[in-house]
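Residue-level structure breakdown
Residue strings, one per chain:
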Amino acid sequence: MERPFDPELESRLLRYAAIDSQSDAASASAPSTPIQFDMLHLLERELREIGASDVRLTDYGVVLATLPATMPATAAAGPVIGLVAHVDTTPQFNATGVKPRVIRGYNGGAITFPDAPDLVLTPEEFPYLAEKQGHDIITASGLTLLGADDKAGVAIIMTAARHLLANPAIPHPEIRIAFTPDEEIGRGVGPALPKDLGADFAYTFDGAGLGEIEYESFSADGAEIRITGVSIHPGQAKGKLVNAIHLAAKIIAMLPQASMVPELTEGREGFIHATDMDGGSSEMVIKLILRDFELDGLAAKGALVRAICDAVQATEPRATISCEIRPQYRNMRYWLEKDMTPVELARAALRKQGIEPVSVPIRGGTDGSRLTEMGVPTPNLFTGMQNIHGPLEWVSVQDMAAAVRLCLDLVQEAATA
């Protein structure tokens, strides 16, 4: 079987993955880390080299570009389609010094890692891997994540864009490309992006298994609990000291432990997840993320967190406990289910490959969640990436190639729709 996109995808992902581009939620800058510019400037340059138009890096850290329409003069203009991927990698795990490597013609057995001899990736533990015998598998070396989330998406879009620009006889409407920063910390889509993107609808290439076309995501809030105790020298503390660490421990202990946590939920179940706890005896800060597919479920989780804070506050009136809950993103289904055109377009394109589409709710969010909420319907398409945010992350080059073909087919479907 001819595999014209495999070498380019492999080369691009190896090159992109080796660039450190972690985001940082503690930073107030945009992008949150200057190292993301290493990817952004590279992509800006590569887009110019392949002949894209209107290439620019915005002042809020997004690379934008245009692939002009190649529709016949007699044809209708068709929709403007956006293709979106993010350049940052998660701060959840080490992403400095990534050494990507290719396991060519995977033999179906256990995969070991040169820099972490005790680490093993097996098809028994991860059944999707068992389906990829004969594929070319890309992983990191064991000490870092790979960064296929979402550099696989970047490689897919760049490969499809280069192919379309090199083959102007392929009919397609105008295509707008956006490479965003800070998606992993929920800040990839700023208020100016929907207008600057200028798309009727868009697609994020930020999904997982072959065939996934996702139009439903979590709704998400973030909670910050701040506890201020009473500080005094411990030698003179009797009856006076109020230890913020002890109050923080009470709050954590009262949060759900046997249910409603990520490690015990799946499918459509939401959760409350403690992500950070910092401070000392005088002041503590606890950060939580709240997730649910429905807004009433999300509100109930926020109410539970507030009730726990109030209960602990009541035990110690000398302390001050505040709980601030901020919206992060909302389930894209609320908007996409009103007009499934972009979803059905992608499904029709995928079926041309003989692959039956799979639509499962995303237990997370994408830049598409925010874009959809802000008026640009943006379902999420597969890249093949697996086991993201950790050292066992991997992706099949052949899955990525299927995503390129999906991209090419859907823009041609849009030209004739």
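Conventions we followed
Residues numbered from 1 in each chain as written. Predicted model: local features only at pLDDT ≥ 70, side-chain atom pairs only at ≥ 80, totals over all residues. Heavy atoms only, no water. Pairing = 2+ DSSP bridges. Helix = DSSP H or I, 4+ residues; strand = E, 2+ residues; numbered from the N terminus. Disulfide = S-S within 2.5 Å. Buried < 20%, exposed > 50% of the residue type's maximum accessible area, 1.4 Å probe, protein only. Contact = heavy atoms within 4.5 Å. Core = buried A, V, L, I, M, F, W, Y, C linked by side-chain atoms within 4.5 Å. Salt bridge = Lys/Arg side-chain N within 4 Å of Asp/Glu carboxyl O. Phe/Tyr/Trp six-rings, centres within 6.5 Å; stacked < 30°, edge-to-face > 60°. Lys NZ or Arg CZ within 6 Å of the ring centre and 35° of its normal. 1 Å grid on protein atoms, 1.4 Å probe; cavity = no way out; pocket = protein on both sides within 12 Å on 5 of 7 lines; lining within 4 Å. Points joined across faces, edges and corners; volume = space filled by probe spheres on them. Expected span 1.5 Å × (residues − 1). Polar contact = N/O pair within 3.5 Å; in protein donor to acceptor, adjacent residues only side chain to side chain. Axes fitted to C-alpha atoms, helices over the stretch in contact; angles between N-to-C directions.

**Description of the pairing of strand E12 (residues 271-279)**
Direction of pairing for E12 relative to strand E13 (residues 283-292): antiparallel, over a ladder of eight bridges. Residue Ile-272 lies in a different strand from E13, and its bridge partner there is Leu-290. In this antiparallel pair of consecutive strands, E12 and E13, the connection spans three residues.

**Some words on the state of the cysteines**
A covalent bond between the sulfur atoms of two cysteines is referred to as a disulfide. Under the defined criterion, the tally for this structure stands at zero disulfides. Free of any disulfide, Cys-323 has its nearest cysteine sulfur in Cys-309, 4.3 Å distant.

**What about the side chain of Gln-386?**
Locating Gln-386 in the fold gives a position in the loop between strand E15 (380-382) and strand E16 (394-396). Under the relative-accessibility criterion, Gln-386 is labelled buried at 15%. The residues touching Gln-386, leaving out its near neighbours within four places in the chain, are Tyr-128, Ala-208, Gly-209, Leu-392, Glu-393 and Trp-394.

**Here we look at the nonpolar core**
In terms of nonpolar packing, the biggest core is built from 64 residues, with Leu-9, Leu-47, Ile-177, Phe-179, Tyr-203 and Phe-205 touching the most fellow members. It is helix H11 (residues 397-416) that provides the largest number of residues to this core, a total of 12 residues. Formed by 22 residues, the second largest nonpolar core is a distinct cluster that contains Ile-227, Met-284, Cys-309 and Ala-319.

**Thoughts on the pattern of salt bridges**
Applying the stated criterion across every chain, the model contains 25 salt bridges. Here Arg-162 and Glu-8 are joined by a salt bridge, their closest N and O atoms 2.7 Å apart. On the criterion of sequence distance, the pair formed by Arg-162 in helix H4 (residues 148-166) and Glu-8 in helix H1 (residues 6-17) is long-range, its members being 154 residues apart. With a closest N to O distance of 2.6 Å, Asp-292 and Lys-301 form a salt bridge.

**Points about unusual backbone geometry**
Looking along the chain, the bond that leaves Ala-30 and enters Pro-31 is cis, with omega of -5°. Within the secondary structure layout, Pro-31 lies in the loop between H1 and helix H2 (36-50). Here the bond from Asp-149 into Asp-150 is cis, since omega is 10°, no more than 30 degrees from zero. Mapped onto the fold, Asp-150 is located in helix H4. Not every positive phi belongs to a glycine, and Met-260 is a case in point at roughly 60°. Along the chain, the position of Met-260 falls in the loop between helix H6 (244-254) and E12. The residue His-389 is not glycine, and still its phi comes out positive at about 75°. As for its position among the elements, His-389 is in the loop between E15 and E16.

**As for the packing of aromatic side chains**
The description of an aromatic ring pair rests on the distance of the ring centres and on the angle between the ring planes. Applying the stated criterion to the full structure yields five aromatic pairs. When the centroid spacing of 5.9 Å and the interplanar angle of 90° are considered together, the rings of Phe-201 and Tyr-203 count as edge-to-face. Both residues of the pair, Phe-201 and Tyr-203, belong to the buried class. Between Tyr-334 and Trp-335, the aromatic rings sit 6.1 Å apart at their centres with planes inclined by 65°, giving edge-to-face as the arrangement. The structure contains a cluster of three or more aromatic residues connected by ring pairs, namely Phe-218, Phe-271 and Phe-293. For Arg-101, the ring lying beneath its charged end belongs to Phe-113, and the centroid distance is 5.0 Å. A cation over an aromatic ring shows up here: Arg-268 above the ring of Phe-293, its NZ or CZ 5.8 Å from the ring centre.

**Some words on the layout of surface pockets**
The gaps left among the atoms become clear once a water-sized probe is rolled over them. Within this model, the second largest pocket holds a volume of roughly 190 Å³. Forming the boundary of the second largest pocket are 14 residues, of which Arg-187, Gly-188, Val-189, Gly-190 and Pro-191 lie nearest the centre.

**Describing H11**
Relative to the 28 Å expected for 20 residues at 1.5 Å per residue, H11 spans 29 Å between its end C-alpha atoms, a close match to the ideal helical length. Of all 20 residues in H11, 16 are buried; the element is thus mostly enclosed. Backbone nitrogen of Gln-398 and a side-chain oxygen of the N-cap are separated by 3.1 Å at the start of H11; the cap is Ser-396.

**Focus: the sheet that holds E15**
If you walk across this open sheet you meet the seven strands as E1-E2-E8-E3-E9-E15-E10, and the pairing is mixed. The strands lining the two open edges of the sheet, one partner per strand, are strand E1 (53-57) and strand E10 (213-214). Strands strand E2 (63-67), strand E3 (81-86), strand E8 (175-180) and strand E9 (201-207) of the sheet are contacted by H4, whose axis makes an angle of about 145° with E3. On top of the sheet, helix H9 (residues 341-351) reaches E9, E10 and E15; it is set at about 60° to E9, its chief contact.

**Here's the deal with the sheet that holds strand E7 (residues 137-139)**
As summarised here, the arrangement of the three strands in space is E4-E7-E16, forming an open sheet in which the pairing is antiparallel. For this open sheet the edge positions go to strand E4 (101-103) and E16, each flanked by a neighbour on one side alone. Across the sheet, the mean angle from the axis of one strand to that of its neighbour is 25°, orientation sign disregarded. Direction of pairing for E4 relative to E7: antiparallel, over a ladder of three bridges. Bridge pairing links Val-102 to Ile-138 in E7.

None of the figures reported here should be taken as evidence of function without further support.
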